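Topology and contacts: notes
Listed here are the chains, written in short residue letters.
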Amino acid sequence: MTMMICGHSRLPLVSLLLHLILVLSVISKGVGKNFQPTLIPRGGAAASTVAPPSSLSLPSWSNKVVAGGTSRALAQALLYPVDALRTLAQTRDGRTLRDVGANALLRGCAQTSSFALLTGGLQFGIFGMVNPKYGPLVASACGAAGSCVVSVPQEVIKQRLVTGVYSSFREAVRKIWQSEGALGFYSGWRPTMSRNVPFVVTTFTSRDVLRSRILKYKQQQDDIDGQVSLSPMENIGIGITSALIAGLLTQPIDVIKTRMMTQAASKALPYTSALDCASSILRTEGWRKLYSGFGQRSIYMCGLWGITFGLEPLMTSYLDEKKKQ
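Rules used in this analysis
Residues numbered from 1 in each chain as written. Predicted model: local features only at pLDDT ≥ 70, side-chain atom pairs only at ≥ 80, totals over all residues. Heavy atoms only, no water. Helix = DSSP H or I, 4+ residues; strand = E, 2+ residues; numbered from the N terminus. Buried < 20%, exposed > 50% of the residue type's maximum accessible area, 1.4 Å probe, protein only. Contact = heavy atoms within 4.5 Å. Areas by Shrake-Rupley, 256 points an atom, 1.4 Å probe, with all protein chains shown as cover. Patch = residues over 30% accessible without salt bridge, like charges linked within 9 Å, V, L, I, M, F, W, Y side chains within 5 Å. Salt bridge = Lys/Arg side-chain N within 4 Å of Asp/Glu carboxyl O. Core = buried A, V, L, I, M, F, W, Y, C linked by side-chain atoms within 4.5 Å. Phe/Tyr/Trp six-rings, centres within 6.5 Å; stacked < 30°, edge-to-face > 60°. pLDDT = per-residue confidence, 0-100. Axes fitted to C-alpha atoms, helices over the stretch in contact; angles between N-to-C directions. Parallel < 35°, antiparallel > 145°, perpendicular 65-115°, else oblique. Nonpolar A, V, L, I, M, F, W, Y, C, P; charged D, E, K, R; others polar.

**Notes on the overall build of the protein chain**
- If you tally the helices and strands in the protein chain, you get 11 helices and zero strands.
- For the protein chain, the succession of helices and strands along the chain, N to C, is α-α-α-α-α-α-α-α-α-α-α.
- Within the protein chain, buried positions represent 46% of all 325 residues.
- In the protein chain, the share of contacts with a sequence separation of at least 24, taken over all contacts with a separation of at least 6, comes to 79%.
- Total accessible area on the protein chain stands at roughly 16200 Å², and carbon and sulfur atoms take up 62% of it.

Shown next, in the form of structure tokens:
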């Protein structure tokens with residue numbers, strides 16, 4: 001139903017984030033993260049009974065849903081042209097800007113970047129909910145898998161717009177729905193999940209390791225027993241490093257995912273599966289082709305996660321302060 005949310009519904013994305021927080025709150029009861037309504041007594045200290053709640057106290061990770069989603073959407077919108085170049089470099093017939101036109105660099109940018117608001121909200125929200133009990137490895141895997149509900153349709157639409165299969169977001173949604181049905185928005189979901197889960201797991205766990213090492217080093221250098229914090233530039237550097245490590249590990253899967261999603265733009269015989277795609281590339285184009293577009297993807301992913309990890313702590317701190325007021 002992602003199509004309905006982003007293509008035809010007028011429901012504000014802020015409202016969607018609030019719904020997302022409430023849904024995750026219900027789910028969190030299963031992992032020991034219950035939240036209780038704040039009960040406000042009436043009549044001051046002399047009151048003997050507690051009145052029904054006048055407001056709800058949302059869990060602490062709810063701010064991460066808003067902060068993570070907003071940071072991810074902003075970062076993706078800024079870096080959209082770089083990702084478009086990465087997509088073109090990975091196509092089966094080696095398409096260039098000359099083939100699709102320079103406007104392909106921004107085609108569908110606003111609409112598909114709005115998906116990132118929910119993708120980031122799911123990733124950070126699920127991570128914040130699961131991490132305290134099960135640790136960053138399990139939490140990041142759950143966040144990556146859960147966010148695929150939104151990120152796979154986003155990738156399908158975005159990559160077909162960039163490669164010139166469709167000329168507009170509305171045309172893409174309409175024709176995919178008419179010709180392929182709801183499952184058309186999830187074409188290539190297996191290689192996408194096979195890339196996203198290890199990528200996000202590596203990125204988030206690398207971030208946690210790097211953050212703890214840097215914080216420990218700063219404590220030792222400054223000889224401080226209390227809390228120390230990371231600067232925005234340090235968080236950006238951690239995001240860039242984490243994304244680069246994850247990109248090296250998952251680049252071949254990213255190429256296979258792009259080929260599967262954009263083969264409608266090629267006149268060649270379609271791949272029958274992700275395994276067929278991988279074996280065909282190795283057999284006819286060589287293993288180096290599995291790293292095509294790595295430069296463009298590195299710029300995109302390092303920028304994306306650098307900005308996201310740089311902004312998210314700032315926005316979370318701001319929202320936490322607003323909640324205390």
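**A closer look at a nonpolar patch on the surface**
- Taken together, the side chains of Y134, L137 and V138 define a hydrophobic patch exposed on the protein surface, amounting to about 290 Å² of accessible area.
- Here Y134 is to be found in helix α6 (residues 109–162).
- According to the relative accessible area criterion, Y134 is partly exposed, its value standing at 42%.

**Some details on the pattern of salt bridges**
- Summed over the entire model, instances satisfying the criterion amount to 16 salt bridges.
- Between D83 and K158 there is a salt bridge, with the nearest N and O atoms lying 2.4 Å from each other. Within this pair, whereas D83 is found in helix α4 (residues 80–89), its partner K158 is found in helix α6, the two being separated by 75 residues in sequence.
- Given a relative accessible area of 2%, D83 falls into the buried group.

**Brief notes about the nonpolar core**
- I157, F199, F204, M301, L304 and W305 are the most contacted members of the largest nonpolar core, which totals 36 residues.
- Looking at this core, the elements that each hand over two or more residues are α6, α7 (169–180), α8 (189–222), α9 (232–262) and α11 (294–324).
- A per-element tally of this core places α6 first, with 16 residues.
- Not counting residues up to four positions away in its chain, the partners in contact with I157 are T112, F115, F169, A172, V173, I176 and F185.

**Observations regarding the packing of aromatic side chains**
- According to the stated counting rule, one finds nine aromatic pairs in the structure shown.
- Between F204 and W305 the ring centres are 5.8 Å apart and the planes differ by 80 degrees, which places this aromatic pair in the edge-to-face class. Taken together, the residues F204 in helix α8 and W305 in helix α11 connect sequence positions 101 residues apart. The burial state of F204 is the same as that of W305; both residues are buried.
- Aromatic pair F204 and F309: ring centres 5.5 Å apart, planes at 85 degrees, arrangement edge-to-face. You can see F204 sitting in helix α8 and its partner F309 sitting in helix α11, a full 105 residues away along the chain.
- The exposure class of F204 is buried, given its relative accessible area of 1%.

**Considering the side chain of N235**
- Within the fold, N235 resides in helix α9.
- Non-local contacts of N235, meaning those with residues more than four positions away in its chain, are made with R211, L230, F309, G310 and P313.

**Details of the confidence of the model for the protein chain**
- Here the protein chain shows a mean pLDDT of 79. Residues at 70 or above account for 80%.
- Mean pLDDT across the secondary structure elements of the protein chain bottoms out at helix α1 (residues 2–8), with 38, and peaks at α7, with 92.
- Counted against residues more than four places away or in other chains, residues 1–14, with its pLDDT under 50, gives 17 contacts.
- Contacts of residues 26–54 to residues separated by more than four positions or lying in other chains number 31 contacts, the stretch itself having pLDDT below 50.

**Describing the packing of α6 against α7**
- Look at α6 against α7: their axes get within 4 Å of each other, and the N-to-C directions meet at 95 degrees. Judged by the angle between their axes, α6 and α7 are roughly perpendicular. Residues Q111, T112, F115, V156, I157, R160 and L161 of α6 lie in contact with α7, whose contacting residues are F169, A172, V173, I176 and E180.
- When the residues that make up the contact of α6 with α7 are grouped by side-chain class, the tally is eight nonpolar, two polar and two charged.

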